[in-house]
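Given next are the chains, with one letter for each unit.
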Amino acid sequence: QAKEGGKDSYRLFTSEMNDNVHRRLRLEYHLVWALSRGEFSLVYQPLYNLNTNRISGAEALLRWNNDELGSVAPTEFIPIAEQSNLIYEIGKFVLDTAMNDFASLTNKEGDLLHLAVNISPQQVRQPQFVDDFTQIMEKHEFAAERLELEVTEGLLLSNQPNVKEMLNTLHDLGTELSMDDFGTGYSSLSYLLQFPFDALKIDREFVDGITDVELNEALATAVISMAQGLKIKTVAEGVETEEQLEMLKSKGCDLAQGYYLSRPLDIEGLKALLGDTQASPLGNTTIESSED
Ligand code: C2E
Ligand code: MG
Ligand code: MG
Ligand code: MG
């Protein structure tokens, strides 16, 4: 009997493995053509300055819609794009499209909006990355100071000598560097000291309260005061409630983004939000209806 059961679970396991392999191959196949077929688009999630209650920038987030697969989440396709080296060209598309969209975009007060872009390790490791990056900036006459590159700890872990050099070069251009998903890795703290980071983004795991509220508050307090000591800005991601926002404000967090403030919007939605003088700076405008 036991043997029978074992056999069944073995069969179940392999068929699940087959499904995963099959899905992956299908995604990889379609991903190869996605860029030339114009299947990628960008949405932008506003970043609110908590001192001024104004939108000071937005983070570009990639979307992929394919006829056969429908819309595929970035958490699913980006790792595949990274492993198959497609991310380099996709990453250039992201920079080019976002800088084009943001060229003369200002908030209600007339300040040019900052643009935050996620960068994969595989992009920065390419020797021509800085050249390609500056070329795209020049094409759009985009000031480096308006750009924030979000990198995760995974990039720094790679420990390749040119990564540090590359990040220093980008920083010297005037570009800001943010450590994304702070707190989820193993050595975030030591990397903050080794690399020229201007900001850290507190991962939404530590904001949106899967653990208890008191613990989150203690963590937020610790991270924010540490960052203040290092003269690094703090950005909270995944703010979903007014309570979370008030807590972060009271601790001195500099910037915040999250569904409570605004969902990611397409460029038209973002322009509408920026142009709408009636909208409260903390109002909810919903274009992307559901996520996660
Ligand atoms: P991330 O950089 O940490 O981006 C934040 C993610 O949290 C986004 O998911 C955003 O839609 C989501 N989010 C924002 N506010 C809330 C909230 O209040 N509640 C919840 N539950 N979620 C919220 P998204 O767009 O699915 O992107 C997932 C990840 O994919 C990003 O995480 C980033 O690591 C990666 N990614 C997205 N676009 C790009 C890109 O252009 N290039 C690269 N290399 N990676 C990208
Ligand atoms: Mg990010
Ligand atoms: Mg993040
Ligand atoms: Mg995150």
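The structure presented is a predicted model; accordingly, all values stated were derived computationally and were not measured.

(A) Structural view of the overall build of the protein. When you go through the protein residue by residue, the secondary structure sums to eleven helices and nine strands. When each of the 292 residues of the protein is scored for burial, the buried share is 45%. For the protein, the proportion of contacts with a sequence separation of at least 24, taken over those separated by at least 6, is 66%. Looking at the protein as shown, the accessible area adds up to about 15,000 Å², and 50% of this sits on carbon and sulfur atoms.

(B) Fine view of the side chain of Ser120. Mapped onto the elements, Ser120 comes out in the loop between strand 4 (114-118) and helix 4 (121-124). Given the relative accessible area of 8%, Ser120 is considered buried. If near-sequence neighbours (up to four positions away) are discounted, Ser120 is found in contact with Ile78, Glu82 and Ile87.

(C) Spotlight on a nonpolar patch on the surface. On the surface, Tyr29, Val32 and Trp33 cluster together into a nonpolar patch covering about 330 Å² of accessible area. In this fold, Tyr29 is placed in helix 1 (residues 2-34). For Tyr29, a relative accessible area of 52% corresponds to the exposed category.

(D) The coordination of the magnesium ion (ligand 3), seen in detail. Coordination of the magnesium ion (ligand 3) by the protein involves Asp180 (OD), Asp181 (OD) and Glu237 (OE), with metal-donor separations of 1.9 to 2.7 Å. Each donor residue of the magnesium ion (ligand 3) belongs to the same chain, and together they define the spacing D-D-x55-E. Between the magnesium ion (ligand 3) and the magnesium ion (ligand 2) the interatomic distance comes to 3.6 Å, and Asp180 is a ligand of both metals. Placement of the pair is Asp181 in strand 6 (residues 176-182) and Glu237 in the loop between strand 8 (233-236) and helix 10 (242-250), with a sequence separation of 56 residues. Residue Asp181 is classed as partly exposed on the basis of its relative accessible area, which comes to 26%.

(E) Main features of the nonpolar core. Tyr44, Phe102, Leu115 and Leu270 are the most contacted members of the largest nonpolar core, which totals 78 residues. Broken down by element, this core gets its largest block of residues, eight residues, from helix 3 (residues 87-102). Apart from the residues within four sequence positions on either side, Leu115 is in contact with Tyr44, Ala58, Ala60, Ala98, Met99, Phe102, Phe142, Arg146, Leu147 and Glu148. Leu47, Ala199, Val235 and Leu255 belong to the second-largest nonpolar core, a separate cluster that totals five residues.

(F) Focus on the pattern of salt bridges. Under the defined criterion, the tally for this structure stands at eleven salt bridges. One salt bridge in this structure joins Lys201 and Glu59, with 2.9 Å as the shortest N-O distance. Of this pair, Lys201 sits in strand 7 (residues 199-202) while Glu59 is found in strand 2 (residues 54-66), placing the two residues 142 residues apart along the sequence. Of the charged contacts, one joins Lys251 and Glu217 as a salt bridge, the two residues approaching to 3.2 Å between their closest N and O atoms. Taken together, the residues span a long stretch of sequence, with Lys251 in the loop between helix 10 and strand 9 (255-256) and Glu217 in helix 9 (residues 213-229) at a distance of 34 residues. Taking the relative accessible area as the measure of exposure, Glu217 reaches 30% and is therefore partly exposed. Beyond isolated ion pairs, a larger network of salt bridges with shared partners links Glu59, Glu150 and Lys201.

What counts, and at which threshold
- Residues numbered from 1 in each chain as written.
- Chains lettered and ligands numbered in written order.
- Predicted model: local features only at pLDDT ≥ 70, side-chain atom pairs only at ≥ 80, totals over all residues.
- Heavy atoms only, no water.
- Helix = DSSP H or I, 4+ residues; strand = E, 2+ residues; numbered from the N terminus.
- Buried < 20%, exposed > 50% of the residue type's maximum accessible area, 1.4 Å probe, protein only.
- Contact = heavy atoms within 4.5 Å.
- Areas by Shrake-Rupley, 256 points an atom, 1.4 Å probe, with all protein chains shown as cover.
- Patch = residues over 30% accessible without salt bridge, like charges linked within 9 Å, V, L, I, M, F, W, Y side chains within 5 Å.
- Salt bridge = Lys/Arg side-chain N within 4 Å of Asp/Glu carboxyl O.
- Donors = N, O, S within 2.8 Å, 3.2 Å for Na, K, Ca; no water.
- Core = buried A, V, L, I, M, F, W, Y, C linked by side-chain atoms within 4.5 Å.

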